[in-house]
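Per-entry structural report
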Amino acid sequence: MSAEEPQDGSPEEEEDLRYFIRIGQTDLDGTKTVERSLTDMKGIGKRTARIIADAAEVNRTALFGKLPEDEIDSVVDVVENFEDHAPEWMANRRKDFFSGETDHITGSDLEEKRRHDINRMKMISSYKGVRHQRGQKVRGQRTKSTGRTEGTIGVNVEEIKEAQAEE
């Protein structure tokens, strides 16, 4: 018996499995559990995936591809309207600079908003924007010995000896 054949000998179990579930612009793996599959989307982590599964009233340990259509639709609805189903502090875009609204952004929209925010910081020449322009660390990390882009690390003794020999 091969590993690909089901143990009980019923091949129709594999037929109702959807291998890909599309939410927004992201294809999610239907062979994973609901919770693990949702974490493949940008903007959704483990905790957010658990809250989405609970709000959609879906078993989070069930295979995502074996869920009925109405349960998959409820998960999609909760993901698209996450800010209505979760506390405000869990949203990843609170008090947006332009609209002032709280929203939870997922997928490629999240990358676009992040890029837009960094460009705005660069344009107004804020401290973080200047650090982004220079390619330096932004969040207060040490830069004395890490984050060097040049190949030289430490003191180059050979160059010092050559410079002294020339003098």
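Rules used throughout
- Residues numbered from 1 in each chain as written.
- Predicted model: local features only at pLDDT ≥ 70, side-chain atom pairs only at ≥ 80, totals over all residues.
- Heavy atoms only, no water.
- UniProt positions renumbered as here; feature names shortened; annotations may be inferred.
- Core = buried A, V, L, I, M, F, W, Y, C linked by side-chain atoms within 4.5 Å.
- Buried < 20%, exposed > 50% of the residue type's maximum accessible area, 1.4 Å probe, protein only.
- Helix = DSSP H or I, 4+ residues; strand = E, 2+ residues; numbered from the N terminus.
- Contact = heavy atoms within 4.5 Å.
- Salt bridge = Lys/Arg side-chain N within 4 Å of Asp/Glu carboxyl O.
- Arc of directions from axis to C-beta.

For the protein, the name recorded in an unreviewed UniProt entry is Small ribosomal subunit protein uS13, with Haloferax marisrubri as its organism. Under the UniProt heading Function (unreviewed entry), the note attached to the protein is "Located at the top of the head of the 30S subunit, it contacts several helices of the 16S rRNA. In the 70S ribosome it contacts the 23S rRNA (bridge B1a) and protein L5 of the 50S subunit (bridge B1b), connecting the 2 subunits; these bridges are implicated in subunit movement." UniProt, in the comment section headed Sequence similarities (unreviewed entry), describes the protein in these words: "Belongs to the universal ribosomal protein uS13 family."

1. Points about the nonpolar core
Formed by 23 residues in total, the largest nonpolar core has its most connected members in Ile23, Leu38, Ile52, Phe64, Val75 and Val79. For this core, the secondary-structure elements that each account for two or more residues are strand S1 (20–23), helix H2 (34–38), helix H3 (46–55) and helix H4 (69–80). The element best represented in this core is H4, accounting for five residues. Val75 has contacts with Ile23, Leu38, Ile52, Ala56, Val58 and Phe64, leaving out every residue within four places of it along the chain.

2. Concerning the pattern of salt bridges
On inspection of all chains with the given rule, the structure shows nine salt bridges. The partner of Arg60 in a salt bridge is Asp54, with the nearest N and O atoms 3.8 Å apart. Here Asp117 makes a salt bridge to Arg93, at a shortest N to O gap of 2.5 Å. A residue pair is termed long-range when its members are at least 10 positions apart, and Asp117 in helix H6 (residues 108–123) and Arg93 in the loop between helix H5 (82–85) and H6 qualify at 24 residues. In this pair, the class of Asp117 matches that of Arg93, namely buried. A single network of salt bridges, built from pairs that share partners, joins Glu35, Arg50, Asp54 and Arg60.

3. Observations concerning H3
Here H3 has its buried residues at Thr48, Ala49, Ile52 and Ala53. Here the buried residues of H3 occupy an arc of 135° about the axis, which is enough to place them on one side. Facing away from the buried side of H3, by more than 90 degrees, are the exposed residues Lys46 and Arg47. Of the surrounding secondary structure, the elements contacted by the buried residues of H3 are H2, H4 and H5.

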